[in-house]
Amino acid sequence: MKKIIVAVLLIAVICTAAGVLVACSNATTQGQLENVWQPYERYTYSVSYKADDGSDASGTYVNEIRHYDAGATVGLGSVELASVAEGYLVTGTLTAGDRTLFNACYYALSSGGSYLVPSATYRKETAEGKTVFEYSGTYDGATLNYSGTREDGTKLSGSLGLSQPYYDNNQFHQALRGVGSLLAEGFSFPSFNVALVAAEEQTVIVLSASVTATASVPSEIPAGDSVQAFDCLKMTLSRSTTIAGESQSIWFASSPVKCVVEGDDTVLVSEGAGWELKNVIVKIEEPYKAKDGSVQKVTYTLSDIDLTPPASDAE
């Protein structure tokens with residue numbers, strides 16, 4: 001069997017530059033989220049989009065999930081969390097042209113009956129090796145306290161109070177996997193709040209999400225002479241104040257993706273024992289406004305899955 005190759009969503013970096021929302025999820029009021037993550041998961045996506053001159057461009061996006069025991073010290077970029085509650089650090093690195101976006105969110109596994117509760121968040125954007133925006137934040141209940149630095153060196157800081165249910169603005173896609181078995185046809189979040197912190201905007205916005213279709217979605221994972229396709233649920237995510245009439249789409253595998261680890265390789269299998277990965281993100285499409293004012297889309301496609309943590313991750 002061949003090593004899994006995964007294709008990812010480019011949107012994380014592009015949307016930030018273009019003002020389109022990419023987010024990270026918080027706990028719901030009823031504590032509906034589930035722990036669906038393995039001790040270590042790494043997803044790689046290929047990214048395709050239009051460059052400023054209208055030509056086809058590509059990039060990569062890597063999503064990593066790491067489990068930490070209670071009391072561990074966890075680094076989020078330039079931020080260090082001491083003695084954390086048991087939970088998961090979820091990071092994303094998007095590389096597109098000369099731009100890189102790194103973001104991270106640490107989730108406490110449980111708190112007061114809710115699960116996967118964001119504790120801290122971090123984001124750093126670079127262009128040609130220069131930092132153009134960076135911020136960090138910590139959550140105190142439903143309040144995000146943040147501070148950051150813009151490209152010109154000016155500082156920003158403040159607090160954003162969120163109504164329930166609410167989400168963070170880093171790693172939103174991965175956190176939505178925590179909906180678990182509730183993610184099915186007919187699922188919807190009619191309205192929820194998101195804390196958005198960017199160089200030009202620090203505010204609370206309202207989003208909606210709903211499963212709108214089912215589809216067979218090809219990945220970039222090799223399968224014989226073709227590629228692996230997955231039966232998926234299509235979720236539509238909308239922010240009406242960003243690009244009127246345009247929505248982000250996320251395709252989640254509707255059945256667990258079964259994998260086994262063979263040496264340093266992670267391999268997809270169809271039967272027998274193995275790790276079962278729930279609600280795996282197979283594809284994302286996000287709209288963004290190009291420099292000429294037209295609406296374009298960034299597409300992330302799963303190309304690789306890896307369940308073997310790096311040697312440096314020993315806890």
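Everything that follows concerns the structure shown earlier in this document.
Everything numeric in this text was worked out from a predicted model, so none of it was measured.

### So, the nonpolar core
With 58 residues, the main nonpolar core has Leu176, Phe192, Val257 and Ile305 as its most contacted residues. A per-element tally of this core places strand 14 (residues 202-223) first, with six residues. Apart from residues lying up to four places away in sequence, Phe192 is in contact with Pro165, Tyr167, Phe172, Ile205, Val206, Leu207, Ser208, Ala209 and Leu237. Listed in part, the twelve residues of the second largest apolar core include Phe133, Leu156, Leu160 and Val197.

### What about the pairing of strand 20 (residues 281-289)?
Of all nine residues in strand 20, seven are buried, a share of seventy percent or more. Looking at chain direction, strand 16 (residues 248-253) and strand 20 are connected through four bridges and run antiparallel. Within strand 20, the residue paired with Phe252 across the bridge is Ile281. Linking two consecutive strands that pair antiparallel, namely strand 20 and strand 21 (residues 295-306), is a turn of five residues; a positive phi of about 90° is found at Gly293 within it.

### Concerning the environment of Leu207
Mapped onto the secondary structure, Leu207 falls in strand 14. Note: C-alpha distance between Leu207 and Ser191 (16 residues apart in sequence) is 5.6 Å.

### What about the side chain of Asn63?
Here Asn63 lies in strand 3 (residues 56-68). Polar contacts involving the side chain of Asn63 include one to the side chain of Tyr61, which spans 3.3 Å. Looking at Asn63, its side chain comes within polar contact range of the main-chain oxygen of Thr91, at 2.8 Å. Aside from chain neighbours lying at most four places away, what touches Asn63 is Glu41, Arg42, Tyr43, Val90, Thr91, Gly92, Gln171 and Gln174.

### With respect to the sheet that holds strand 17 (residues 257-262)
Strand order in the open sheet formed by three strands is 18-17-19, and the pairing between neighbours is antiparallel. At either end of the open sheet lies a strand with only one pairing partner, and these are strand 18 (265-268) and strand 19 (275-277). Ignoring which end each strand starts from, the neighbouring axes of this sheet average 40° apart. As paired strands, strand 17 and strand 19 are joined by three bridges and run antiparallel to one another. Counterpart to Lys258 in the pairing with strand 19 is Glu276.

### Looking at the pattern of salt bridges
In the structure shown here, the tally under the stated rule is eight salt bridges. A salt bridge links Glu41 to Arg177; its shortest N-O distance comes to 2.9 Å. With Glu41 in strand 2 (residues 40-50) and Arg177 in the loop between helix 2 (172-176) and strand 13 (188-197), this residue pair connects regions lying 136 residues apart in the sequence. An identical accessibility class is assigned to Glu41 and Arg177; each is buried. Two residues, Arg99 and Glu125, come together in a salt bridge whose shortest N-O distance is 3.9 Å.

Thresholds, definitions, all that
- Residues numbered from 1 in each chain as written.
- Predicted model: local features only at pLDDT ≥ 70, side-chain atom pairs only at ≥ 80, totals over all residues.
- Heavy atoms only, no water.
- Core = buried A, V, L, I, M, F, W, Y, C linked by side-chain atoms within 4.5 Å.
- Buried < 20%, exposed > 50% of the residue type's maximum accessible area, 1.4 Å probe, protein only.
- Helix = DSSP H or I, 4+ residues; strand = E, 2+ residues; numbered from the N terminus.
- Contact = heavy atoms within 4.5 Å.
- Pairing = 2+ DSSP bridges.
- Polar contact = N/O pair within 3.5 Å; in protein donor to acceptor, adjacent residues only side chain to side chain.
- Axes fitted to C-alpha atoms, helices over the stretch in contact; angles between N-to-C directions.
- Salt bridge = Lys/Arg side-chain N within 4 Å of Asp/Glu carboxyl O.

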